[in-house]
Each structure stands twice: as C-alpha cells, then as structure tokens.
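# Remarks on the overall topology
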Amino acid sequence: MFPLCPSQPSAQLGTTPNIKRIVVGRCYNYITVVNPSSRFDCEDIWRQFEESVVRQPSFNVTVDYHQMFYATPQTWPCDRCLFWSKTRRLVHSYTAVERHFWTLEDTLVGYMFNELVWCGQEEDSGFDFSSCPAWAACRHHPVYSLWRQASQNFAEMACGNITVLLNGSISNAFNRKSMFGSVELDGLDPRRVDYVNIKVVTDLEGPFIESCSQGSVVDLIQILRSRGFRWTCTDNDETLMILQCIQNPKQSSCQKCANSLSLRSSLTFN
C-alpha cells in the first residue's frame, strides 16, 4: 500500500491555477458534448468538492468526498470497463479506437479531475496555490483520497466482461501497490464479472520483461483464480501493436507488422 505521508513531504507546485473554472467547465462539456444524456448540477458538484477540501491540512489527511460522489451518480452498461496500469498513453489511444470501452477517466469525476492537483490549507478557507505535497507517494492526501474512492466506485460497478491493460516492458506489470492492484482489483465482484480479459502489451522494440506466462501477471492470474473469476490473457494484442506503430511508425517491428497485414489482405482478396 501507499505509505503515510512523511512529516515534511516533498512539495510540488500548488493547486492547479483556475481549478474551479477547469472543473466546472469540464463538467458542462461532459453533460453537453461527451455524454449529453447525463443530467448533473455542475455548480453543486463544485460546491461539494470545495467544501470537502478547504480548511483541511494539505497532507496526512483522508478527505471525505462522500457528498460530491453522492451528487455524481453514474451507471454504465456491462462489458465496457477497461482498467489499466502503467499504460496511460496507450490506453486512451485504444479507447479512441475501441469506443465501447470506458476507463475511469471517461466517468464524470474522472473527466473533471484528470491530471489536476489540489490541496487545502488548515488555517484558511481556500486552496493552497503555492505548494502541495506530491500525492503519488502517499495515500493520506486529498488527491489520492478522491482517486481511491473513484476507483473503488468504478470497480464495484463493473459487470460482464472487463479488460485489464498491463505494461509487459516493466517489472511488476501487476503491482499490488498500484491503484489497480490495491483498490480496483479488490473491488471487483466475481458474481457480477463474467470474464477478466488481461492484455499484456510490450514496447515494440522491448524490453520484453513480462507476459501472460511470466512475471507478476502470473500472480494476478493466481489471485483471480483463487477468487473465482474466469479469465483470459493475451500477449501483444494486434490492435494495440498497430496503435503503437501509428505513434512511432519508424520502428523495425512496424514494418514487419505492415508486411504481415499486407499479406493477409492480399490472401483475403485473392
């Protein structure tokens, strides 16, 4: 798990400037463009968020966002949830192509707060815009508290077939200290989830460290088995490989992939 924040945590830049305008603006964009069938009170959501954070210490605090989450109820169809760990850039390219998938960042809360930073100040009624502790290193932090609860909610709502995208070019592709390993995995219900479909993707030129049969992915499969989940595991899904080639087409393996697809197309039309 994430350690407690030290008494003098390393600092980073303060609360994201113009955070209210960003969050409320994203909320309105979500309900008018991204998901126009949804109905939410964006101003009320901001008020609930702000009241949760202000007048709180900037670290060593577990912020209760219960009222804000109460104001943002969401459900989504089965077979759409996509979880990920250490594959941020690729996973969002993937969901842009495979549009039926939903990640946490496609939910209202995830969309509003993605890549933002915030913290309060105990002696004042506002946000601290000068300095916030780095949140990724500890769990008692206002940013971590929100993402932990959002991740828990996302996992508990998952049903049908779900997908997990892991990075096979690093050690511990499945990490019990990650948000997926420490929160989302434990929130999945085998009575609601039919299959956990694991996709392990490596950088096209390597290193090739982990796979469905090697490394920490094997540990994940053992946990799924022990909890009664059915699962599948795929190494280097073709769609994911093509996406990597689009992002970096000069890699030698991309030429091999293009030749393979060209040959397949030729055989199909002949």
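As the structure is a computational prediction, the values presented were derived from the model and not from experiment.

Evaluated as defined, the whole model comprises 15 aromatic pairs. What links up through ring pairs into an aromatic cluster is the set Trp 46, Phe 49, Tyr 65, Phe 113, Trp 118, Phe 127 and Phe 129.

Attention shifts here to the state of the cysteines. According to the stated counting rule, one finds five disulfides in the structure shown. The disulfide partner of Cys 27 is Cys 42, and the S-S distance across this bridge is 2.1 Å. Taking the torsion about the S-S bond as the criterion, the Cys 27 to Cys 42 disulfide, at about -80 degrees, is left-handed. Within this pair, whereas Cys 27 is found in helix H1 (residues 19–34), its partner Cys 42 is found in helix H2 (residues 42–53), the two being separated by 15 residues in sequence. Summarising the burial analysis for this pair, Cys 27 and Cys 42 share the class buried. Through a disulfide, Cys 245 is tied to Cys 254; the S-S separation comes to 2.3 Å. Because the torsion about its S-S bond is -100 degrees, the bridge between Cys 245 and Cys 254 counts as left-handed.

Okay, H2 next. Taking 1.5 Å as the rise per residue, H2 with twelve residues should run 16 Å; its terminal C-alpha atoms sit 17 Å apart, in good agreement. One side-chain oxygen at the N-terminal end of H2 lies 3.3 Å from the backbone nitrogen of Glu 43; it belongs to Asp 41. Two residues or fewer past H2, Arg 55 is found with a positive phi of approximately 60 degrees.

Right, let's get into helix H9 (residues 238–247). Those residues of H9 lying buried are Leu 240, Leu 243, Gln 244 and Cys 245. You can read the cap of H9 off the contacts: a side-chain oxygen lies 3.0 Å from the backbone nitrogen of Thr 239, and it is on Asp 237.

Looking now at the packing of H1 against H2. Contact geometry for H1 and H2: axes closest at 9 Å, N-to-C directions at 140 degrees. Our classification of the angle between H1 and H2 gives oblique. Viewed along their axes, H1 and H2 form a crossing whose handedness is right-handed. Two secondary-structure elements touch here, H1 through Ile 19, Lys 20, Val 23, Val 24, Cys 27, Tyr 28 and Ile 31 and H2 through Cys 42, Glu 43, Ile 45 and Trp 46. Considering only residue class, the contact of H1 with H2 consists of nine nonpolar, no polar and two charged.

With that settled, consider unusual backbone geometry. A cis geometry characterises the amide bond from Gly 206 onward to Pro 207, with omega recorded as 5 degrees. Its identity as a non-glycine residue notwithstanding, Glu 115 has a phi of 65 degrees, on the positive side. Secondary-structure assignment places Glu 115 in the loop between helix H5 (108–113) and strand S3 (131–133). With relative accessibility at 63%, the residue Glu 115 sits in the exposed group. Unlike most non-glycine residues, Asn 236 shows phi in positive territory, near 50 degrees.

Right, let's talk about the confidence of the model for the protein chain for a bit. Counting all residues, the mean pLDDT for the protein chain is 88, and 88% of those residues have values of 70 or more. In this model residues 265–270 is a low-confidence stretch, pLDDT under 50, and it forms zero contacts with partners more than four residues away in sequence or in other chains.

About the thresholds
Residues numbered from 1 in each chain as written. Predicted model: local features only at pLDDT ≥ 70, side-chain atom pairs only at ≥ 80, totals over all residues. Heavy atoms only, no water. Phe/Tyr/Trp six-rings, centres within 6.5 Å; stacked < 30°, edge-to-face > 60°. Disulfide = S-S within 2.5 Å. Helix = DSSP H or I, 4+ residues; strand = E, 2+ residues; numbered from the N terminus. Buried < 20%, exposed > 50% of the residue type's maximum accessible area, 1.4 Å probe, protein only. Expected span 1.5 Å × (residues − 1). Polar contact = N/O pair within 3.5 Å; in protein donor to acceptor, adjacent residues only side chain to side chain. Axes fitted to C-alpha atoms, helices over the stretch in contact; angles between N-to-C directions. Parallel < 35°, antiparallel > 145°, perpendicular 65-115°, else oblique. Left-handed = near helix turned anticlockwise from the far one by under 90°. Contact = heavy atoms within 4.5 Å. Nonpolar A, V, L, I, M, F, W, Y, C, P; charged D, E, K, R; others polar. pLDDT = per-residue confidence, 0-100.

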